[in-house]
Amino acid sequence: MVVAIDGPSGVGKSTVSRAVAAALGLPYLDTGAYYRMATLVTLRAGGDPADPEAVLTALKNVEVDFVGGRLLLDGVDVSADLRSPEVTASVSAVAAHQKVRVAVVELQRAWVERHGGDAVVEGRDIGTVVFPHAPVKVFLVADPEVRARRRAGDPEAAGHTIDSIREQIARRDHLDSSRETSPLRPAADAVTIDTSQLSIAQVVARVLDLVGTL
Ligand code: DC
């Protein structure tokens, strides 16, 4: 069974997804890490993230796995590099390329298949595109101000003002929701949870309730 957890950044997706996975004893997949990985390999190869062919070329011949919440590139844990300002600045452009999405979605589906088809999968298009038949689909949202404050606590936000974080969130939301391919939006059958006034434990409990009612 796939539990799909979608939503923009700063709504608590990763924390909630990890906790739900732990409670259910299921593996956890962060699909955003794959778009970040595609960005990292392109930048490392000296390619232009705005050029889909450069990204696809960089993705060829790399071995990717996601183990225990860490992304392994050719066996090396690059999770910290995925959060660098350079990768964060270019990842929306990479994630907007249709051909790149097709290749990345294939890697994500193969990962879930290798894990017997059971996983908690976090992203933007899991309920709409990657696993449209997932029995549990959750779409998390939160007030922009709450999201900016939560993001400010992340290591990748170190040294940034709350204003610049709010602006960056708004810019990425716009790019992610207005792109032609797999824009950020809830699936018709997703349950939307506003996490603004909820603790992580409360959100996790709601998701586990949804799983329990299957
Ligand atoms: O969740 P994140 O911030 O690590 O995601 C990085 C980028 O990847 C973000 O700009 C949105 C994009 N993304 C996507 O387009 N589809 C997904 N399933 C996951 C992330």
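Residues numbered from 1 in each chain as written. Predicted model: local features only at pLDDT ≥ 70, side-chain atom pairs only at ≥ 80, totals over all residues. Heavy atoms only, no water.

A. Just the sheet that holds strand β7 (residues 136–141), in detail. The parallel open sheet is built from five strands, whose spatial order is β2-β6-β1-β7-β8. Looking at the sheet topology across the chains shown, the edges are occupied by β2 (28–30) and β8 (191–194). Put simply, the sheet's adjacent strands are angled 20° from each other on average, direction ignored. Sitting on the sheet, helix α5 (residues 98–114) touches β1 (2–6), β2 and β6 (119–123), and the angle it makes with β2 is about 175°. (Pairing = 2+ DSSP bridges. Helix = DSSP H or I, 4+ residues; strand = E, 2+ residues; numbered from the N terminus. Axes fitted to C-alpha atoms, helices over the stretch in contact; angles between N-to-C directions. Contact = heavy atoms within 4.5 Å.)

B. Representation of the packing of helix α2 (residues 32–44) against helix α4 (residues 85–95) within the structure. Where α2 meets α4, the axes come as close as 8 Å, and the angle between the chain directions of the two elements is 110°. Relative to α4, the element α2 is oriented roughly perpendicular. Contacts from Tyr35, Arg36, Ala38, Thr39, Leu40 and Leu43 in α2 reach Glu86, Val87, Thr88, Ser90, Val91, Val94 and Ala95 in α4. Partitioned by chemical class, the residues of the contact of α2 with α4 number eight nonpolar, three polar and two charged. (Parallel < 35°, antiparallel > 145°, perpendicular 65-115°, else oblique. Nonpolar A, V, L, I, M, F, W, Y, C, P; charged D, E, K, R; others polar.)

C. Summary view of the site of the ligand. The ligand sits among 15 residues. The nearest are Arg36, Arg101, Arg124, Asp125 and Arg172. Between a nitrogen atom of the ligand and a side-chain N or O atom of Asp125, the distance comes to 2.8 Å. Within the side chain of Arg172, one N or O atom sits 2.6 Å away from an oxygen atom of the ligand. Protein contact buries 98% of the 450 Å² of open area that the ligand shows by itself. Looking at the shell around the ligand, the elements that each hand over two or more residues are α2, α4 and α8 (162–178). Classifying every residue of the shell around the ligand by side-chain character gives three nonpolar, four polar and eight charged. (Near = heavy atom within 4 Å. Polar contact = N/O pair within 3.5 Å; in protein donor to acceptor, adjacent residues only side chain to side chain. Areas by Shrake-Rupley, 256 points an atom, 1.4 Å probe, with all protein chains shown as cover.)

D. Molecular detail of the layout of surface pockets. Quantified by volume, the largest pocket comes out at close to 850 Å³. Around the largest pocket, the lining comprises 41 residues; the ones closest to its centre are Ser14, Asp30, Arg83, Glu122 and Arg151. Breaking the lining of the largest pocket down by element, the ones donating at least two residues are α1 (13–24), β2, α2, β4 (70–73), α4, β6, α7 (144–152) and α8. Broken down by class, the residue content of the lining of the largest pocket amounts to 13 nonpolar, 11 polar and 17 charged. Computed from the structure, the second largest pocket encloses a volume of approximately 180 Å³. Forming the boundary of the second largest pocket are Ser9, Pro85, Thr88, Ala89, Arg151, Glu156, Ala157, His160, Ile165, Gln168, Ile169 and Arg172. No other element matches the four residues that α8 contributes to the lining of the second largest pocket. Residue classes in the lining of the second largest pocket are distributed as five nonpolar, four polar and three charged. (1 Å grid on protein atoms, 1.4 Å probe; cavity = no way out; pocket = protein on both sides within 12 Å on 5 of 7 lines; lining within 4 Å. Points joined across faces, edges and corners; volume = space filled by probe spheres on them.)

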